[in-house]
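Results of the structural survey
Each chain, written out:
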Amino acid sequence: WFRRTLVVGEVALALVLLVGCGLLVRGFWNLLRVNPGYSPHGLLTMRVSLTQAVYPDSKNVLAFWGNVQERLSALPGVTSATLVSGLPPERQLNANDTEIEGLAPGPDTPIQNVDFWQTAGDGYFETMKIPLIEGRLFDRRDGESAPPAVIINQAMALHFWGNKSPIGKRVRAANQGPWQTIVGVVADVKNAGLDRPAGTELYFPYRQMGTNGFGIRGFSVVLRTNGDAAALSLSATAAIHAIDPALPVANVRTMDEVLSVAESRPRFLTLLLTLFSLLALLLAAIGIYGLMAYSVAQRTQEIGIRMALGAQPRDVLRLTLESGMGLTLIGVVLGCAAALTLSRAMTSLLFGVSATDPATFAVVALLLAGVAMLACFVPARRATRIDPMVALRYE
(Lines give C-alpha, C1' and ligand atoms only; values in the text may rest on other atoms or scores of the structure.)
Protein backbone atom coordinates (compact mmCIF):
# COMPACT_ATOMS: atom_id res chain seq x y z
CA TRP A 1 0.00 0.00 0.00
CA PHE A 2 2.88 2.33 0.74
CA ARG A 3 4.43 1.73 -2.70
CA ARG A 4 1.09 2.20 -4.42
CA THR A 5 0.48 5.42 -2.52
CA LEU A 6 3.84 6.75 -3.65
CA VAL A 7 3.04 5.93 -7.29
CA VAL A 8 -0.37 7.63 -7.04
CA GLY A 9 1.31 10.69 -5.52
CA GLU A 10 3.94 10.76 -8.28
CA VAL A 11 1.25 10.64 -10.96
CA ALA A 12 -0.81 13.37 -9.25
CA LEU A 13 2.16 15.73 -8.82
CA ALA A 14 3.33 15.07 -12.37
CA LEU A 15 -0.11 15.99 -13.68
CA VAL A 16 -0.14 19.24 -11.67
CA LEU A 17 3.22 20.25 -13.13
CA LEU A 18 2.22 19.19 -16.65
CA VAL A 19 -1.00 21.19 -16.48
CA GLY A 20 0.92 24.27 -15.35
CA CYS A 21 3.44 23.72 -18.14
CA GLY A 22 0.67 23.25 -20.71
CA LEU A 23 -1.06 26.45 -19.65
CA LEU A 24 2.20 28.44 -19.82
CA VAL A 25 3.08 27.01 -23.22
CA ARG A 26 -0.34 27.92 -24.59
CA GLY A 27 -0.08 31.40 -23.09
CA PHE A 28 3.40 31.90 -24.54
CA TRP A 29 2.23 30.68 -27.94
CA ASN A 30 -0.61 33.19 -27.81
CA LEU A 31 1.90 35.91 -26.87
CA LEU A 32 4.05 35.12 -29.90
CA ARG A 33 1.03 35.67 -32.14
CA VAL A 34 0.12 39.05 -30.64
CA ASN A 35 -0.01 41.91 -33.12
CA PRO A 36 2.06 44.76 -31.60
CA GLY A 37 0.17 47.28 -33.75
CA TYR A 38 3.06 47.91 -36.15
CA SER A 39 5.34 45.99 -38.51
CA PRO A 40 8.56 45.16 -36.58
CA HIS A 41 10.55 43.48 -39.35
CA GLY A 42 13.21 45.64 -40.97
CA LEU A 43 13.30 48.22 -38.16
CA LEU A 44 16.49 49.39 -36.43
CA THR A 45 16.24 51.35 -33.16
CA MET A 46 18.66 53.32 -31.00
CA ARG A 47 18.42 55.76 -28.10
CA VAL A 48 19.88 59.28 -28.24
CA SER A 49 19.68 61.89 -25.46
CA LEU A 50 20.75 65.53 -25.57
CA THR A 51 22.23 67.52 -22.68
CA GLN A 52 20.97 70.88 -21.49
CA ALA A 53 24.47 72.39 -21.65
CA VAL A 54 25.08 71.64 -25.33
CA TYR A 55 21.48 72.14 -26.49
CA PRO A 56 20.14 74.92 -24.25
CA ASP A 57 16.89 75.84 -26.02
CA SER A 58 14.15 74.29 -28.14
CA LYS A 59 15.51 75.71 -31.41
CA ASN A 60 18.81 73.84 -30.95
CA VAL A 61 16.92 70.69 -30.09
CA LEU A 62 14.56 70.93 -33.08
CA ALA A 63 17.44 71.62 -35.45
CA PHE A 64 19.36 68.59 -34.18
CA TRP A 65 16.46 66.15 -34.50
CA GLY A 66 15.56 67.45 -37.93
CA ASN A 67 19.17 66.96 -39.03
CA VAL A 68 19.19 63.42 -37.62
CA GLN A 69 16.10 62.41 -39.56
CA GLU A 70 17.44 63.88 -42.81
CA ARG A 71 20.86 62.24 -42.54
CA LEU A 72 19.51 58.82 -41.55
CA SER A 73 16.85 58.86 -44.26
CA ALA A 74 19.59 59.46 -46.85
CA LEU A 75 21.58 56.35 -45.85
CA PRO A 76 21.71 53.54 -48.47
CA GLY A 77 19.20 50.84 -47.59
CA VAL A 78 17.10 53.13 -45.37
CA THR A 79 13.59 53.85 -46.65
CA SER A 80 12.60 56.21 -43.81
CA ALA A 81 13.77 57.45 -40.40
CA THR A 82 11.78 58.90 -37.52
CA LEU A 83 11.73 59.61 -33.78
CA VAL A 84 9.57 58.58 -30.84
CA SER A 85 9.86 59.50 -27.17
CA GLY A 86 8.89 56.05 -25.88
CA LEU A 87 9.65 52.87 -27.83
CA PRO A 88 6.82 50.31 -27.89
CA PRO A 89 6.36 47.79 -26.37
CA GLU A 90 8.87 49.00 -23.74
CA ARG A 91 7.03 52.30 -23.24
CA GLN A 92 5.93 52.43 -19.60
CA LEU A 93 2.65 53.79 -18.26
CA ASN A 94 2.80 57.51 -17.38
CA ALA A 95 -0.94 58.22 -16.87
CA ASN A 96 -0.99 61.97 -17.44
CA ASP A 97 -3.95 64.24 -16.70
CA THR A 98 -5.42 65.47 -19.97
CA GLU A 99 -8.36 67.87 -20.18
CA ILE A 100 -11.04 66.88 -22.69
CA GLU A 101 -12.98 69.84 -24.08
CA GLY A 102 -16.70 69.59 -23.43
CA LEU A 103 -16.37 66.64 -21.03
CA ALA A 104 -17.62 67.79 -17.64
CA PRO A 105 -16.15 65.87 -14.68
CA GLY A 106 -18.68 63.68 -12.92
CA PRO A 107 -19.34 60.19 -11.55
CA ASP A 108 -20.73 58.99 -14.91
CA THR A 109 -17.94 60.35 -17.12
CA PRO A 110 -14.49 58.79 -17.66
CA ILE A 111 -11.55 60.17 -15.71
CA GLN A 112 -9.68 62.70 -17.82
CA ASN A 113 -6.38 60.88 -17.79
CA VAL A 114 -4.42 59.33 -20.68
CA ASP A 115 -2.25 56.25 -20.20
CA PHE A 116 0.53 57.16 -22.64
CA TRP A 117 1.87 60.40 -24.05
CA GLN A 118 4.11 60.09 -27.09
CA THR A 119 6.09 62.66 -29.03
CA ALA A 120 6.48 61.49 -32.63
CA GLY A 121 8.85 62.60 -35.38
CA ASP A 122 8.19 63.14 -39.06
CA GLY A 123 6.77 60.05 -40.73
CA TYR A 124 6.54 58.10 -37.48
CA PHE A 125 3.33 56.27 -38.34
CA GLU A 126 4.47 55.60 -41.91
CA THR A 127 7.83 54.24 -40.72
CA MET A 128 6.28 52.00 -38.07
CA LYS A 129 3.42 51.10 -40.45
CA ILE A 130 0.76 51.98 -37.88
CA PRO A 131 -2.60 52.03 -39.73
CA LEU A 132 -4.59 55.28 -39.95
CA ILE A 133 -8.21 54.79 -38.86
CA GLU A 134 -9.60 58.28 -39.41
CA GLY A 135 -8.41 61.79 -40.28
CA ARG A 136 -4.78 62.42 -41.26
CA LEU A 137 -1.26 61.88 -40.01
CA PHE A 138 1.31 64.49 -38.96
CA ASP A 139 3.02 66.32 -41.82
CA ARG A 140 4.91 69.56 -42.54
CA ARG A 141 1.76 71.55 -41.73
CA ASP A 142 2.24 70.70 -38.06
CA GLY A 143 5.25 72.98 -37.60
CA GLU A 144 6.30 75.10 -34.65
CA SER A 145 4.11 78.07 -35.68
CA ALA A 146 1.11 75.98 -36.79
CA PRO A 147 -2.03 75.43 -34.66
CA PRO A 148 -1.29 72.70 -32.07
CA ALA A 149 -2.35 69.29 -33.37
CA VAL A 150 -2.47 65.82 -31.83
CA ILE A 151 -3.29 62.28 -32.93
CA ILE A 152 -4.98 59.75 -30.67
CA ASN A 153 -5.27 55.99 -30.80
CA GLN A 154 -8.46 54.02 -31.28
CA ALA A 155 -8.67 53.08 -27.60
CA MET A 156 -8.71 56.75 -26.58
CA ALA A 157 -11.30 57.59 -29.22
CA LEU A 158 -13.65 54.89 -27.94
CA HIS A 159 -12.97 55.70 -24.30
CA PHE A 160 -13.88 59.38 -24.45
CA TRP A 161 -16.09 59.74 -27.53
CA GLY A 162 -17.59 56.30 -28.04
CA ASN A 163 -19.00 55.87 -31.54
CA LYS A 164 -18.70 59.59 -32.33
CA SER A 165 -15.84 60.96 -34.43
CA PRO A 166 -13.18 62.74 -32.34
CA ILE A 167 -11.74 64.59 -35.35
CA GLY A 168 -11.80 68.32 -34.66
CA LYS A 169 -12.25 67.84 -30.89
CA ARG A 170 -9.71 69.47 -28.60
CA VAL A 171 -7.64 68.34 -25.65
CA ARG A 172 -5.20 70.08 -23.33
CA ALA A 173 -2.18 68.33 -21.89
CA ALA A 174 -1.83 68.54 -18.10
CA ASN A 175 -4.85 70.90 -18.03
CA GLN A 176 -2.61 73.81 -19.02
CA GLY A 177 -1.15 75.46 -22.09
CA PRO A 178 -2.88 75.75 -25.46
CA TRP A 179 -5.74 73.56 -26.65
CA GLN A 180 -4.67 70.97 -29.22
CA THR A 181 -6.94 69.79 -32.02
CA ILE A 182 -7.29 66.09 -32.82
CA VAL A 183 -6.44 65.62 -36.50
CA GLY A 184 -6.26 61.81 -36.72
CA VAL A 185 -7.01 58.45 -35.14
CA VAL A 186 -4.55 55.55 -35.53
CA ALA A 187 -4.66 51.88 -34.61
CA ASP A 188 -3.71 50.77 -31.10
CA VAL A 189 -0.07 49.95 -30.35
CA LYS A 190 1.06 47.65 -27.55
CA ASN A 191 2.83 49.53 -24.74
CA ALA A 192 4.13 48.40 -21.32
CA GLY A 193 4.29 44.78 -22.53
CA LEU A 194 2.76 42.61 -25.21
CA ASP A 195 0.55 40.80 -22.72
CA ARG A 196 -1.42 43.89 -21.69
CA PRO A 197 -4.40 45.48 -23.43
CA ALA A 198 -3.70 48.66 -25.36
CA GLY A 199 -4.23 51.78 -23.24
CA THR A 200 -5.28 55.25 -24.30
CA GLU A 201 -2.51 57.07 -26.15
CA LEU A 202 -1.95 60.68 -27.25
CA TYR A 203 0.66 61.65 -29.87
CA PHE A 204 2.30 65.12 -30.14
CA PRO A 205 4.30 66.23 -33.21
CA TYR A 206 7.92 66.78 -32.21
CA ARG A 207 8.08 70.07 -34.15
CA GLN A 208 5.57 71.54 -31.68
CA MET A 209 7.23 70.19 -28.55
CA GLY A 210 8.54 73.67 -27.69
CA THR A 211 5.09 75.27 -27.98
CA ASN A 212 3.20 72.62 -26.04
CA GLY A 213 5.54 72.89 -23.07
CA PHE A 214 6.86 69.33 -23.26
CA GLY A 215 10.26 69.61 -24.89
CA ILE A 216 11.87 66.21 -25.42
CA ARG A 217 15.67 65.85 -25.36
CA GLY A 218 15.69 62.06 -25.42
CA PHE A 219 14.32 60.10 -28.37
CA SER A 220 14.38 56.60 -29.73
CA VAL A 221 15.48 56.83 -33.35
CA VAL A 222 13.74 54.32 -35.63
CA LEU A 223 14.89 53.39 -39.14
CA ARG A 224 13.00 51.25 -41.64
CA THR A 225 15.30 49.37 -43.97
CA ASN A 226 14.78 47.31 -47.09
CA GLY A 227 17.26 44.65 -46.00
CA ASP A 228 19.08 43.46 -42.87
CA ALA A 229 18.41 46.13 -40.25
CA ALA A 230 21.29 45.04 -38.00
CA ALA A 231 23.79 45.56 -40.84
CA LEU A 232 23.06 49.31 -40.81
CA SER A 233 23.82 49.85 -37.11
CA LEU A 234 27.39 51.10 -37.69
CA SER A 235 26.50 53.47 -40.53
CA ALA A 236 23.50 54.85 -38.59
CA THR A 237 25.65 55.47 -35.51
CA ALA A 238 28.31 57.13 -37.67
CA ALA A 239 25.68 59.42 -39.22
CA ILE A 240 24.64 60.67 -35.77
CA HIS A 241 28.27 61.13 -34.68
CA ALA A 242 28.85 63.18 -37.83
CA ILE A 243 26.40 65.72 -36.34
CA ASP A 244 27.76 65.52 -32.78
CA PRO A 245 30.83 63.28 -32.22
CA ALA A 246 30.50 63.48 -28.42
CA LEU A 247 26.90 62.28 -28.36
CA PRO A 248 26.42 58.73 -26.98
CA VAL A 249 24.23 56.35 -28.97
CA ALA A 250 22.72 53.61 -26.79
CA ASN A 251 20.58 50.49 -27.16
CA VAL A 252 21.26 49.89 -30.84
CA ARG A 253 18.90 46.98 -31.58
CA THR A 254 16.54 45.68 -34.22
CA MET A 255 12.86 45.82 -33.38
CA ASP A 256 12.79 42.01 -33.48
CA GLU A 257 15.33 42.04 -30.64
CA VAL A 258 13.19 44.54 -28.72
CA LEU A 259 10.18 42.24 -29.03
CA SER A 260 12.30 39.25 -28.00
CA VAL A 261 13.28 41.05 -24.78
CA ALA A 262 9.60 41.78 -24.11
CA GLU A 263 8.92 38.03 -24.38
CA SER A 264 11.92 36.97 -22.26
CA ARG A 265 10.13 36.62 -18.90
CA PRO A 266 7.28 34.35 -20.09
CA ARG A 267 9.81 32.42 -22.22
CA PHE A 268 12.01 31.75 -19.17
CA LEU A 269 9.07 30.70 -16.98
CA THR A 270 7.78 28.39 -19.71
CA LEU A 271 11.19 26.77 -20.21
CA LEU A 272 11.74 26.33 -16.47
CA LEU A 273 8.36 24.72 -15.84
CA THR A 274 8.76 22.53 -18.95
CA LEU A 275 12.02 21.10 -17.59
CA PHE A 276 10.44 20.38 -14.19
CA SER A 277 7.39 18.84 -15.87
CA LEU A 278 9.48 16.52 -18.05
CA LEU A 279 11.43 15.46 -14.97
CA ALA A 280 8.18 14.77 -13.09
CA LEU A 281 6.83 12.79 -16.05
CA LEU A 282 10.02 10.71 -16.15
CA LEU A 283 9.87 10.03 -12.40
CA ALA A 284 6.23 9.02 -12.62
CA ALA A 285 6.97 6.62 -15.51
CA ILE A 286 9.92 5.10 -13.61
CA GLY A 287 7.79 4.74 -10.48
CA ILE A 288 4.98 2.97 -12.32
CA TYR A 289 7.42 0.74 -14.18
CA GLY A 290 9.26 -0.18 -10.98
CA LEU A 291 6.06 -0.99 -9.12
CA MET A 292 4.68 -3.11 -11.95
CA ALA A 293 7.97 -4.98 -12.42
CA TYR A 294 8.08 -5.70 -8.68
CA SER A 295 4.43 -6.74 -8.71
CA VAL A 296 5.02 -9.17 -11.58
CA ALA A 297 7.99 -10.68 -9.72
CA GLN A 298 5.91 -11.03 -6.53
CA ARG A 299 3.00 -12.62 -8.40
CA THR A 300 5.09 -15.04 -10.50
CA GLN A 301 3.60 -18.13 -8.85
CA GLU A 302 0.07 -16.75 -9.11
CA ILE A 303 0.56 -16.02 -12.82
CA GLY A 304 2.00 -19.51 -13.35
CA ILE A 305 -0.99 -21.12 -11.66
CA ARG A 306 -3.42 -19.05 -13.75
CA MET A 307 -1.64 -20.04 -16.96
CA ALA A 308 -1.53 -23.70 -15.89
CA LEU A 309 -5.28 -23.56 -15.35
CA GLY A 310 -5.82 -22.20 -18.87
CA ALA A 311 -5.33 -18.44 -18.71
CA GLN A 312 -4.21 -17.02 -22.06
CA PRO A 313 -1.36 -14.50 -22.43
CA ARG A 314 -3.87 -11.76 -23.23
CA ASP A 315 -5.65 -12.47 -19.92
CA VAL A 316 -2.39 -12.09 -18.00
CA LEU A 317 -1.59 -8.92 -19.96
CA ARG A 318 -4.98 -7.42 -19.14
CA LEU A 319 -4.72 -8.39 -15.48
CA THR A 320 -1.33 -6.68 -15.12
CA LEU A 321 -2.31 -3.56 -17.07
CA GLU A 322 -5.49 -3.11 -15.07
CA SER A 323 -3.50 -3.06 -11.86
CA GLY A 324 -1.10 -0.33 -13.08
CA MET A 325 -3.69 1.75 -14.93
CA GLY A 326 -5.99 1.67 -11.91
CA LEU A 327 -3.32 3.44 -9.86
CA THR A 328 -2.73 5.86 -12.73
CA LEU A 329 -6.44 6.70 -12.94
CA ILE A 330 -6.55 7.49 -9.21
CA GLY A 331 -3.47 9.71 -9.56
CA VAL A 332 -4.97 11.52 -12.57
CA VAL A 333 -8.21 12.26 -10.72
CA LEU A 334 -6.38 13.55 -7.65
CA GLY A 335 -3.95 15.53 -9.84
CA CYS A 336 -6.79 17.19 -11.76
CA ALA A 337 -8.43 18.25 -8.52
CA ALA A 338 -5.16 19.71 -7.23
CA ALA A 339 -4.39 21.38 -10.57
CA LEU A 340 -7.81 23.07 -10.68
CA THR A 341 -7.03 24.64 -7.33
CA LEU A 342 -3.38 25.55 -7.85
CA SER A 343 -3.60 26.73 -11.48
CA ARG A 344 -5.67 29.73 -10.39
CA ALA A 345 -2.53 31.10 -8.77
CA MET A 346 -0.98 31.26 -12.26
CA THR A 347 -3.63 33.57 -13.69
CA SER A 348 -1.31 36.59 -13.73
CA LEU A 349 1.28 34.57 -15.73
CA LEU A 350 -1.13 33.43 -18.44
CA PHE A 351 -2.08 35.26 -21.60
CA GLY A 352 -5.09 34.41 -23.73
CA VAL A 353 -5.86 31.17 -21.90
CA SER A 354 -7.98 30.33 -18.87
CA ALA A 355 -6.37 28.81 -15.78
CA THR A 356 -8.98 26.04 -16.00
CA ASP A 357 -8.72 25.47 -19.75
CA PRO A 358 -10.43 22.08 -20.36
CA ALA A 359 -8.44 21.30 -23.52
CA THR A 360 -5.13 21.58 -21.64
CA PHE A 361 -6.37 19.37 -18.80
CA ALA A 362 -7.65 16.75 -21.26
CA VAL A 363 -4.46 16.65 -23.34
CA VAL A 364 -2.23 16.44 -20.25
CA ALA A 365 -4.33 13.66 -18.71
CA LEU A 366 -4.19 11.65 -21.95
CA LEU A 367 -0.43 12.22 -22.23
CA LEU A 368 0.18 11.02 -18.70
CA ALA A 369 -2.11 8.02 -19.20
CA GLY A 370 -0.22 7.12 -22.39
CA VAL A 371 3.14 7.26 -20.63
CA ALA A 372 1.74 5.18 -17.76
CA MET A 373 0.37 2.62 -20.22
CA LEU A 374 3.81 2.30 -21.81
CA ALA A 375 5.45 1.93 -18.38
CA CYS A 376 2.96 -0.82 -17.46
CA PHE A 377 3.17 -2.63 -20.79
CA VAL A 378 6.83 -3.69 -20.53
CA PRO A 379 6.50 -5.70 -17.26
CA ALA A 380 3.02 -6.88 -18.30
CA ARG A 381 4.43 -8.22 -21.55
CA ARG A 382 7.17 -9.96 -19.57
CA ALA A 383 4.52 -11.63 -17.39
CA THR A 384 2.89 -13.26 -20.42
CA ARG A 385 6.14 -15.07 -21.24
CA ILE A 386 6.44 -16.81 -17.86
CA ASP A 387 6.77 -20.59 -18.15
CA PRO A 388 4.11 -22.15 -15.86
CA MET A 389 6.44 -24.98 -14.78
CA VAL A 390 9.18 -22.52 -13.82
CA ALA A 391 6.66 -20.29 -12.10
CA LEU A 392 5.30 -23.13 -9.98
CA ARG A 393 8.78 -23.85 -8.65
CA TYR A 394 9.51 -20.11 -8.12
CA GLU A 395 10.27 -18.91 -4.61
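That block above? That's the structure.
Attention in this report is confined to the structure presented alongside it. (Residues numbered from 1 in each chain as written. Predicted model: local features only at pLDDT ≥ 70, side-chain atom pairs only at ≥ 80, totals over all residues. Heavy atoms only, no water.)

1. Here we look at the overall build of the protein
- When its secondary structure is counted, the protein shows 11 helices and 12 strands.
- In terms of overall dimensions, the protein has a C-alpha envelope of 105 × 55 × 35 Å along the principal axes.
- For the protein, buried positions account for 47% of its 395 residues.
- The contacts in the protein between residues at least 6 apart in sequence include a share of 81% that link residues at least 24 apart.
- As displayed, the protein offers around 19500 Å² of accessible surface, 62% of which is attributable to carbon and sulfur atoms.
- Looking at charge distribution, the protein has the averaged site of its 33 positive side-chain charges lying 8 Å from that of its 29 negative ones. (Helix = DSSP H or I, 4+ residues; strand = E, 2+ residues; numbered from the N terminus. Buried < 20%, exposed > 50% of the residue type's maximum accessible area, 1.4 Å probe, protein only. Contact = heavy atoms within 4.5 Å. Areas by Shrake-Rupley, 256 points an atom, 1.4 Å probe, with all protein chains shown as cover. Lys, Arg positive; Asp, Glu negative; His and termini not counted. Charge placed at Lys NZ, Arg CZ, Asp CG, Glu CD.)

2. Description of the pairing of strand 1 (residues 43-49)
- Of all the seven residues making up strand 1, five are buried; the element is thus mostly covered by neighbouring parts of the structure.
- Pairing of strand 1 with strand 11 (residues 218-225) involves seven bridges; the strand directions are antiparallel. Following the sheet pairing, Val48 is matched in strand 11 by Phe219.
- Here strand 1 runs beside strand 12 (residues 249-254); their pairing, made up of four bridges, is antiparallel. Residue pairing across strands places Leu44 opposite Thr254, the latter belonging to strand 12. (Pairing = 2+ DSSP bridges.)

3. Topic: the packing of aromatic side chains
- Applying the stated rule across the entire model yields nine aromatic pairs.
- Each ring, one from Phe125 and one from Tyr203, has its centre 4.9 Å from the other, and the planes form 75°; the classification is edge-to-face. Residue Phe125 is found in helix 3 (residues 124-128), and its partner Tyr203 is found in strand 10 (residues 201-205); the two are separated by 78 residues along the sequence.
- For Phe125, a relative accessible area of 2% translates into the label buried. (Phe/Tyr/Trp six-rings, centres within 6.5 Å; stacked < 30°, edge-to-face > 60°.)

4. Quick look at the side chain of Asn191
- Mapped onto the secondary structure, Asn191 falls in the loop between strand 9 (180-186) and strand 10.
- Sequence-distant contacts of Asn191, defined by excluding residues within four places in its chain, comprise Pro88, Pro89, Arg91, Phe116, Gln118 and Glu201.

5. Considerations on the layout of surface pockets
- Counted as a void, the largest pocket has a volume near 370 Å³.
- As for the largest pocket, its lining consists of 20 residues, and the residues nearest its centre are Leu31, Asp195, Ala262, Arg265 and Pro266.
- Breaking the lining of the largest pocket down by element, the ones donating at least two residues are helix 1 (2-32), helix 6 (255-262) and helix 7 (264-298).
- No other element matches helix 7, which puts five residues into the lining of the largest pocket.
- For the lining of the largest pocket, a count of residues per class yields 12 nonpolar, five polar and three charged.
- Counted as a void, the second largest pocket has a volume near 170 Å³.
- Around the second largest pocket sit 11 residues that line it, and Arg3, Arg4, Leu291, Tyr294 and Ser295 are the ones nearest its centre.
- Mapped by element, the contributors of at least two residues to the lining of the second largest pocket are helix 1, helix 7 and helix 9 (313-342).
- Ranked by residue count, the leading element in the lining of the second largest pocket is helix 7, at five residues. (1 Å grid on protein atoms, 1.4 Å probe; cavity = no way out; pocket = protein on both sides within 12 Å on 5 of 7 lines; lining within 4 Å. Points joined across faces, edges and corners; volume = space filled by probe spheres on them. Nonpolar A, V, L, I, M, F, W, Y, C, P; charged D, E, K, R; others polar.)

6. A closer look at helix 5 (residues 233-243)
- Among the residues of helix 5, those classed as buried are Ser233, Ala236, Thr237, Ala239 and Ile240. Relative to the axis of helix 5, the buried residues are bounded by an arc of 155° and lie together on one face.
- Taken together, the buried residues of helix 5 touch strand 1, helix 2 (58-73), strand 11 and strand 12. (Arc of directions from axis to C-beta.)

7. What about the packing of helix 1 against helix 9?
- At a closest axis distance of 7 Å, the pairing of helix 1 and helix 9 adopts a crossing angle of 45°. Accordingly, the angle class assigned to the pair helix 1 and helix 9 is oblique. The way helix 1 lies across helix 9 gives a crossing that is right-handed. Across the interface between the two elements, Arg4, Val8, Val11, Ala12, Leu15, Val16 and Val19 from helix 1 touch Ser323, Leu327, Thr328, Ile330, Gly331, Val332, Leu334, Gly335, Cys336, Ala338, Ala339 and Leu342 from helix 9.
- The class makeup of the residues in the contact of helix 1 with helix 9 is 14 nonpolar, four polar and one charged. (Axes fitted to C-alpha atoms, helices over the stretch in contact; angles between N-to-C directions. Parallel < 35°, antiparallel > 145°, perpendicular 65-115°, else oblique. Left-handed = near helix turned anticlockwise from the far one by under 90°.)

8. Overview of a nonpolar patch on the surface
- Nonpolar side chains collect at one region of the surface, where Phe268, Leu272, Phe276, Leu279, Leu282, Leu283 and Ile286 lie side by side and expose about 680 Å² of accessible area between them.
- Assignment of secondary structure puts Phe268 in helix 7. (Patch = residues over 30% accessible without salt bridge, like charges linked within 9 Å, V, L, I, M, F, W, Y side chains within 5 Å. Salt bridge = Lys/Arg side-chain N within 4 Å of Asp/Glu carboxyl O.)

9. Some details on the pattern of salt bridges
- By the definition in use, this model includes 12 salt bridges.
- With a closest N to O distance of 2.8 Å, Glu99 and Arg172 form a salt bridge. In this pair, Glu99 is assigned in strand 3 (residues 96-100) and Arg172 in strand 8 (residues 170-173), connecting sequence segments 73 residues apart.
- Two residues, Arg170 and Glu101, come together in a salt bridge whose shortest N-O distance is 2.9 Å. Here Glu101 lies in the loop between strand 3 and strand 4 (113-114) and Arg170 lies in strand 8, a separation of 69 residues in the sequence.
- If you follow the salt bridges from partner to partner, you end up with Arg136, Asp139, Arg141 and Asp142 in one network.

10. Some points on the pairing of strand 8
- Relative to strand 8, strand 3 runs antiparallel, the two sharing three bridges. Pairing of Thr98 across the sheet is with Ala173, part of strand 8.
- As defined by bridge partners, strand 8 adjoins strand 9 across two bridges and the pair is classed as antiparallel. For Val171, the partnering residue across the bridge sits in strand 9 and is Gln180.
- Where strand 8 folds back onto strand 9 in an antiparallel hairpin, the turn is made up of six residues, including Ala174, whose phi is positive at roughly 55°.

Function cannot be read off these values alone, since they describe shape.
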